[in-house]
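Fold and geometry: a report
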Amino acid sequence: MYDFLRELGEEGRAILDNAMVTSTHRRHEVVIGQEEQSQDVFFVLEGYAQVNLYSVDGKEVAFRSIQAGQVFGELAAIDGRPRSASVVATSEQLVVGRLKMARFREMVEANPDVMWRLLGHLSHQVREMTGRIYEFSTKPVRQRLVLELVRQARSAGIRGNGAKIRPAPTHLDIAARISCHREAVSREMSALRQKGILSKGGGALNIVDVEGLLAELPDEAD
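Read on for a plain summary of the structure. (Residues numbered from 1 in each chain as written. Predicted model: local features only at pLDDT ≥ 70, side-chain atom pairs only at ≥ 80, totals over all residues. Heavy atoms only, no water.)

**Digging into empty space enclosed by the protein**
Summed over the entire model, instances satisfying the criterion amount to one cavity of 30 Å³ or more. Taken as a whole, the largest cavity encloses approximately 40 Å³ of empty space. Its residues assigned to classes, the lining of the largest cavity comprises three nonpolar, one polar and two charged. (1 Å grid on protein atoms, 1.4 Å probe; cavity = no way out; pocket = protein on both sides within 12 Å on 5 of 7 lines; lining within 4 Å. Points joined across faces, edges and corners; volume = space filled by probe spheres on them. Nonpolar A, V, L, I, M, F, W, Y, C, P; charged D, E, K, R; others polar.)

**A few points about the layout of surface pockets**
Each pocket or cavity is described by its volume, and for the second largest pocket that value is around 400 Å³. F63, R64, E74, L75 and S84 are the residues nearest the centre of the second largest pocket, which is lined by 19 residues in total. Secondary structure elements with two or more residues in the lining of the second largest pocket: β4 (48-54), β5 (60-67), α2 (74-79) and α4 (112-138). Among the elements that line the lining of the second largest pocket, the one with the most residues is α4, at four residues. (Helix = DSSP H or I, 4+ residues; strand = E, 2+ residues; numbered from the N terminus.)

**Comments concerning helix α1 (residues 4-19)**
Counted at 1.5 Å a residue, the expected span for α1 with its 16 residues is 22 Å, but the 16 Å between its end C-alpha atoms falls short. Contact partners of the buried residues in α1: β3 (41-46), β6 (71-72), β8 (93-99), α3 (101-110) and α4. (Expected span 1.5 Å × (residues − 1). Contact = heavy atoms within 4.5 Å.)

**Here's the deal with a nonpolar patch on the surface**
On the surface, M115, W116 and L119 cluster together into a nonpolar patch covering about 300 Å² of accessible area. Here L119 is to be found in helix α4. Classification of L119 by relative accessible area gives partly exposed; the value is 40%. (Patch = residues over 30% accessible without salt bridge, like charges linked within 9 Å, V, L, I, M, F, W, Y side chains within 5 Å. Areas by Shrake-Rupley, 256 points an atom, 1.4 Å probe, with all protein chains shown as cover. Salt bridge = Lys/Arg side-chain N within 4 Å of Asp/Glu carboxyl O. Buried < 20%, exposed > 50% of the residue type's maximum accessible area, 1.4 Å probe, protein only.)

**Remarks on the nonpolar core**
A general tendency of soluble globular proteins is for nonpolar side chains to be buried together. Judged by nonpolar contacts, the single largest core of 24 residues is most densely connected at L149, M189, I207 and L213. Counting residues per element, the ones that place at least two in this core are α5 (141-156), β9 (163-165), α6 (171-178), α7 (182-194), β11 (204-207) and α8 (210-214). Per element, the largest residue contribution to this core is six residues, and it comes from α5. By size, the runner-up hydrophobic cluster in this structure holds 16 residues, among which are V41, F43, F104 and V114. (Core = buried A, V, L, I, M, F, W, Y, C linked by side-chain atoms within 4.5 Å.)

**Considering the sheet that holds strand β7 (residues 86-89)**
An order of β2-β7-β4-β5 is seen for the four strands of this open sheet, with the pairing classed as antiparallel. Only two strands of the sheet have a single neighbouring strand rather than two, namely β2 (30-32) and β5. Strand-to-strand twist in this sheet, taken as the mean axis angle between neighbours without regard to direction, amounts to 30°. Examined bridge by bridge, β2 and β7 share two bridges and lie antiparallel to one another. (Pairing = 2+ DSSP bridges. Axes fitted to C-alpha atoms, helices over the stretch in contact; angles between N-to-C directions.)

**Observations concerning the pairing of β3**
For β3 and β8, the ladder comprises five bridges, and the chain directions are antiparallel. Bridging from a neighbouring strand, E46 pairs with V95 of β8. As paired strands, β3 and β6 are joined by two bridges and run antiparallel to one another. Residue pairing across strands places F43 opposite V71, the latter belonging to β6.

**Regarding α3**
Helical periodicity: at 3.6 residues per turn, an α-helix aligns residues three or four positions apart in one direction. Those residues of α3 that fall on the buried side of the exposure criterion are F104, M107 and V108. Along the long axis of α3, the arc covered by the buried residues comes to 95°, so they all point the same way. Exposed residues pointing more than 90 degrees away from the buried face of α3 are listed as A102, E109 and A110. Buried positions along α3 lie against α1, β3, α2, β8 and α4. (Arc of directions from axis to C-beta.)

Here is the structure:
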């Protein structure tokens with residue numbers, strides 16, 4: 001995870017805090033919509049969100065998850081084009097800081113450190129997208145699922161040999177993220193639970209055995 005706010009440092013964060021307006025969104029609330037004509041930039045201060053893309057026939061593809069410290073909406077502020085995706089709150093409460101496009105551009109142009117942190121964020125996104133395209137093109141469902149669970153575990157924080165992903169993603173959510181059907185995810189998740197690798201409870205998806213999860217991958221993917 002690339003924590004944009006942490007990477008900014010105290011000086012950059014102080015500049016941002018003085019310029020942005022804070023707002024709160026509830027779970028399932030759309031913060032920005034795909035093809036929307038707006039250019040504000042958002043910084044996640046608390047909670048989680050998900051970036052979704054929708055085809056003309058309504059199929060949902062989950063592009064990435066966003067959590068505290070991360071930024072979204074920057075592409076429209078850079079090129080002035082409509083939103084390329086929707087962002088939806090996935091935690092009970094999502095708190096974001098909103099920055100107008102003009103102020104965002106001014107801040108980036110006036111502060112080389114902010115510019116380099118933004119480039120670092122964009123570089124990270126390109127690498128993540130490249131990796132996911134490779135997975136979709138070459139990996140079977142089981143491996144795509146395991147790689148996604150590993151990503152979410154690392155994002156949530158691995159402690160010892162376990163991790164808690166909260167809130168627990170639905171099978172439909174995971175299917176949207178790894179480009180397959182919900183039934184396939186349900187089948188593979190059931191197999192991982194039977195092996196004692198996963199469990200569910202307390203509103204979280206518990207990865208009980210991270211090493212066991214990684215062992216589901218071939219050596220070259222570890």
